[in-house]
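# Chains, contacts and geometry: an overview
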Amino acid sequence: MDEQDEDRRRFETLAVTHGEGSPTRSSAEDVVTPIHLTTTYAVDGLDPEGDLESLDPDAGEYLYSRLSNQTRNTLEHRLAALSGGEGALAFASGSAAIAAAMTATLRPGDHVVAFDDLYGGTKTMLSRLFAERFDVEVSYVDARDPENVAEAMRPGTELVWMESPTNPLMHLCDIEAIADIAHDGEATFGVDNTFMSPYFQRPLDLGADLVVHSTTKFINGHSDSVGGALVTDDEALLDEIGFLQRVGFGNMLSPFDSYLVLRGVRTLPLRMERHEENALAIAEFLEADDRVEHVHYPGLESHPQHDLARRQTSGFGGVLSFELDTGIEGVEAFLGALREFPLAVSLGGVESLIEHPASMTHSPLTREERARIGITDSLLRMSVGIEHVDDLLADLERGLDALDGIETASPPGSSD
């Protein structure tokens, strides 16, 4: 297949077959990329002029699996194709991918502009690692309005970091507008695209310089592999981050996890369609119930950024959050009545999950920090799986019925 034919293949086809055909395989072609568990490779002989950085895995040149591995190489090619990038790197976690991206773009004294509603782990990384130890200054802004990003930019701004939608309040940012702002300021623009996956949103096409994913979530989709990926269409940036991955951090996705993610990617389009279908039905169900105070899901017309979601994504995803009209006692009763929604962190698997951000994913933030960005004690985040939607709705009805007779939410400002 020539490059022109490859470029015309649709997402669903790329998800299943792109990257297959390693030059190291036998004439009996594998339909599924095998797991290359080897740590090292035998070479033909001495190469006095050899350079580790010059090895070309696509030509069958392998030396050591920290540097490159056939299974991981296939996954990286596939993720790059699905994301519209020139290259990809697979890491042992999404946080590792984010750390590599930030380390590659930041130096002591630099400045970062970031969404104020980032995943708690990313905020902790920025504050405790980059700000406290590396003397990097961070300005958090409400990036729902691009003007807030523009006003925060300064001559020393080297990185603009966004999530869209955010975790857990499902706030969006205008990726295309912010890309223009970042590039006018000669800053690198990175987007965490975990919630949407490349099936529903491709930030590189909208002007981002790099995109990261926690492959643990929708890309793998089966809650059995922790991993991360970084994709970029900037060759120089890819080389720098690749150097950090292989030599600076030694942090890469294992061959077995690479195989699991490749397995998951094959069904990504099918799963994302079902995640969204179920999530929209649940969001509409919750919005219609008086026992629910707010529902945060971009697929709802009531979402203040619904039009932006329709413009920059091809779907609304499988994650939503909602606030019960009750206090913490009611939240506990609601969660205790559920059978189909295990209380657990993470998201994006075929099974539905629910979690309490204030005490789980965002517990590293202080109560004041959580209050400032709108994370209340009654807020719950839901990852909607691919089960039959009627079973999920019946379970939520059971949980809401458990609220009957329990007092509604505590007055504003209460710490109860």
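Keep in mind that this is a model prediction, so the values were computed, not measured.

Counting its secondary structure elements, the protein contains 15 helices and eleven strands. Taken over C-alpha atoms, the radius of gyration comes to 22 Å for the protein, in line with the 22 Å a tight globule of 416 residues would show. The principal-axis extents of the C-alpha atoms in the protein amount to approximately 80 × 50 × 35 Å. When the 416 residues of the protein are sorted by exposure, 55% land in the buried category. The contacts in the protein between residues at least 6 apart in sequence include a share of 73% that link residues at least 24 apart. Within the structure as shown, the protein displays about 18,100 Å² of accessible surface, and the carbon and sulfur contribution to it stands at 49%.

Moving on: the packing of aromatic side chains. The final tally for this structure, using the stated rule, is seven aromatic pairs. Relative to Phe 134, the ring of Phe 130 lies with its centre 5.7 Å away and its plane at 75°, an arrangement referred to as edge-to-face. We classify Phe 130 as buried; its relative accessible area is 2%. Following the ring pairs from residue to residue traces out a cluster consisting of Phe 11, Tyr 199 and Phe 200. Geometry around Tyr 140 places Lys 123 over its ring, the cationic atom sitting 4.8 Å from the centre.

Quick look at the environment of Arg 154 now. Relative to the helices and strands, Arg 154 resides in the loop between helix 6 (146-152) and strand 4 (157-163). For Arg 154, a relative accessible area of 35% gives the class partly exposed. For the pair Arg 154 and Val 113, spaced 41 residues apart in the sequence, the C-alpha separation amounts to 9.4 Å. Not counting chain neighbours up to four residues away, the residues in contact with Arg 154 comprise His 111, Glu 137 and Ser 139. There is a polar contact of 2.9 Å between the side chain of Arg 154 and the side chain of Glu 137.

Now for the sheet that holds strand 6 (residues 210-213). With mixed pairing, the seven strands of this open sheet are ordered in space as 1-7-6-5-4-2-3. Among the strands making up the open sheet, the edge pair consists of strand 1 (87-91) and strand 3 (137-141). Sheet twist, expressed as the mean angle between neighbouring strand axes with direction ignored, is 20°. Together, strand 1, strand 4, strand 5 (188-192), strand 6 and strand 7 (228-232) form the strand contacts of helix 4 (residues 94-105), whose direction differs from that of strand 4 by roughly 160°. Contacts between helix 5 (residues 120-131) and the sheet are confined to strand 2 (111-115), strand 3 and strand 4, with strand 3 contributing the most and set at about 145° to the helix.

The next subject is the pairing of strand 9 (residues 319-324). Taken across its six residues, strand 9 has six buried, putting it largely inside the fold. Residues Val 319, Ser 321 and Glu 323 of strand 9 are buried on one face, and the alternating residues Leu 320, Phe 322 and Leu 324, pointing to the opposite face, are buried as well. As paired strands, strand 8 (residues 292-296) and strand 9 are joined by four bridges and run antiparallel to one another. Residue pairing across strands places Val 292 opposite Leu 324, the latter belonging to strand 9. Sheet topology places strand 9 next to strand 11 (residues 379-383); five bridges connect them, and they run antiparallel. Looking across to strand 11, one finds that Glu 323 is bridged to Leu 379.

About the thresholds
- Every chain is numbered on its own, with residues counted from 1 as its sequence reads.
- Local features in this predicted model are restricted to residues of pLDDT 70 or higher, and side-chain atom pairs are both shown and tallied only at a pLDDT of 80 or more, whereas totals for entire chains, interfaces and linings draw on every residue.
- Neither water nor hydrogens contribute to the side-chain values; these are computed over all heavy atoms in the structure.
- Each helix is a run of H or I in the DSSP string that is no shorter than four residues. Each strand is a run of E no shorter than two, and both are numbered from the N terminus.
- We compute the radius of gyration over the C-alpha atoms and compare it with the globule rule, which gives 2.2 Å times the number of residues raised to the power 0.38.
- Note on exposure labels: buried denotes an accessible area under 20% of the residue type's maximum, exposed denotes more than 50%, and partly exposed covers the range between, all computed with a 1.4 Å probe on protein chains only.
- Should any heavy atoms of two residues lie within 4.5 Å, those residues are considered in contact.
- Each accessible area is a Shrake-Rupley result for a 1.4 Å probe, and residues are judged covered by the shown protein chains and nothing else.
- Paired rings are identified among Phe, Tyr and Trp, the last through its six-membered ring, by centres lying within 6.5 Å, and are further divided according to the angle between planes into stacked (under 30 degrees), edge-to-face (over 60) and tilted (the rest).
- By definition here, charges over rings are those cases where NZ of Lys or CZ of Arg is within 6 Å of the ring centre and within 35 degrees of the ring normal.
- Each polar contact in these results corresponds to two N or O atoms within 3.5 Å; when the atoms are within protein, one needs to be able to donate a hydrogen and the other to accept it, and residues that are neighboring in sequence are counted only if both atoms are side-chain atoms.
- In short, DSSP must find at least two bridges between two strands for them to pair.
- Only the stretch in contact is used when fitting a helix axis, every axis being a line fitted to C-alpha atoms; angles between N-to-C directions are given from 0 to 180 degrees.

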